[in-house]
Amino acid sequence: MIDYRIDRGSGVPAYVQIVEQTERALRMGTLQVGDKLPTAREVVAATAINPNTVLRAYRDMEQAGLVELRRGLGTFVTRSLARPGAEDDSPLRRELTDWVARARAAGLERADVLALVTAALDAYDNEHDSKTPGHRGRKEEDA
């Protein structure tokens, strides 16, 4: 079961946060096909958000083919987003967890860590995009 956490100060709508947290759990293997999501009532009780917000997130995920709403039974996962290496017990996950611990010990806040990871991913993608024949790098496309 997933426990949703809503960050009211993030500027990201609550329904988007629910979708993103569900997708993250699907990628990490925390949620698997057949698992039941918490009811809208349970999410509202835990997060103090409007029930329609939860229902919107669940409808969006249903339209994306990630979950199925079964009237009277609940909302169930229908598709996994997990990739090899992303599981909770994978070596890559352990290495990343250790790196995050070092970054936090060095005084970096969550936003700093996310900025570093995003910058590293962007640099990696730009480097590999520019090496692909017939593909223009992002900087060229943006110009």
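The model shown is predicted, which means the values in this text are computed figures rather than measured ones.

J.: For the layout of surface pockets, give the residues involved together with the corresponding values.
T.: Here the largest pocket defines a volume of roughly 1700 Å³. Every residue lining the largest pocket is counted, 36 residues in all, and those nearest its centre are R24, M28, R93, R110 and L114. Of all the secondary-structure elements, those providing two or more residues to the lining of the largest pocket are α1 (14-28), α4 (91-105) and α5 (110-131). Ranked by the residues each element gives to the lining of the largest pocket, the list is headed by α4, at eight residues. Going through the elements one at a time, α3 (51-63), β1 (67-70) and β2 (74-77) are the ones with two or more residues in the lining of the second largest pocket. Residues of the lining of the second largest pocket, tallied by class, amount to seven nonpolar, four polar and three charged.

J.: If you had to explain the pairing of β1 to someone new, which residues and values would you point to?
T.: Strand direction decides the pairing type here: β1 and β2, joined by four bridges, are antiparallel. If you follow R70 over to β2, its bridge partner there is G74. Hairpin connection between β1 and β2: a loop of three residues separates the two successive antiparallel strands, and G72 in this loop has a positive phi of roughly 85°.

J.: Outline the packing of aromatic side chains, listing residues and values.
T.: According to the stated counting rule, one finds zero aromatic pairs in the structure shown. R56 extends its terminal NZ or CZ atom over the ring of Y15, reaching a point 3.7 Å from the ring centre. Directly above the ring of F76 sits R70, whose terminal nitrogen or CZ lies 4.2 Å from the centroid.

J.: Tell me about the packing of helix α2 (residues 40-47) against α3, and name the residues and values.
T.: Running from N to C, α2 and α3 point in directions that differ by 125°, and their axes come no closer than 9 Å. It follows that α2 is oblique to α3 by the angle criterion. Considering how the two elements wind past one another, α2 and α3 form a crossing that is right-handed. Together, A40, V43 and V44 of α2 and P51, V54, L55 and Y58 of α3 make up the contact between the two elements. Of the residues contributing to the contact of α2 with α3, the split by class is seven nonpolar, no polar and no charged.

J.: Summarise the confidence of the model for the chain; cite the residues concerned and give the values.
T.: Overall, the predicted model of the chain reaches an average pLDDT of 89, with 90% of residues at or above 70. Within the chain, helix α6 (residues 138-142) has the poorest average pLDDT of any element, 42, and α3 the best, 97. Long-range and interchain partners of residues 136-143, a stretch whose pLDDT sits below 50, account for seven contacts in this model, where long-range means more than four residues apart.

J.: Requested: an account of the packing of α1 against α3, with residues and values cited.
T.: Geometry of a packed helix pair, given as the angle between the helix axes and the separation of the axes. Running from N to C, α1 and α3 point in directions that differ by 45°, and their axes come no closer than 8 Å. Here α1 lies oblique to α3, going by the angle between them. With respect to the hand of their crossing, α1 and α3 are arranged in right-handed fashion. Residues A14, Y15, I18, V19 and T22 of α1 form the contact with α3, whose own contacting residues are T53, V54, R56, A57, Y58, D60 and M61. Looking at the contact of α1 with α3 residue by residue, the classes come out as eight nonpolar, two polar and two charged.

About the thresholds
- Residues numbered from 1 in each chain as written.
- Predicted model: local features only at pLDDT ≥ 70, side-chain atom pairs only at ≥ 80, totals over all residues.
- Heavy atoms only, no water.
- 1 Å grid on protein atoms, 1.4 Å probe; cavity = no way out; pocket = protein on both sides within 12 Å on 5 of 7 lines; lining within 4 Å.
- Points joined across faces, edges and corners; volume = space filled by probe spheres on them.
- Helix = DSSP H or I, 4+ residues; strand = E, 2+ residues; numbered from the N terminus.
- Nonpolar A, V, L, I, M, F, W, Y, C, P; charged D, E, K, R; others polar.
- Pairing = 2+ DSSP bridges.
- Phe/Tyr/Trp six-rings, centres within 6.5 Å; stacked < 30°, edge-to-face > 60°.
- Lys NZ or Arg CZ within 6 Å of the ring centre and 35° of its normal.
- Axes fitted to C-alpha atoms, helices over the stretch in contact; angles between N-to-C directions.
- Parallel < 35°, antiparallel > 145°, perpendicular 65-115°, else oblique.
- Left-handed = near helix turned anticlockwise from the far one by under 90°.
- Contact = heavy atoms within 4.5 Å.
- pLDDT = per-residue confidence, 0-100.

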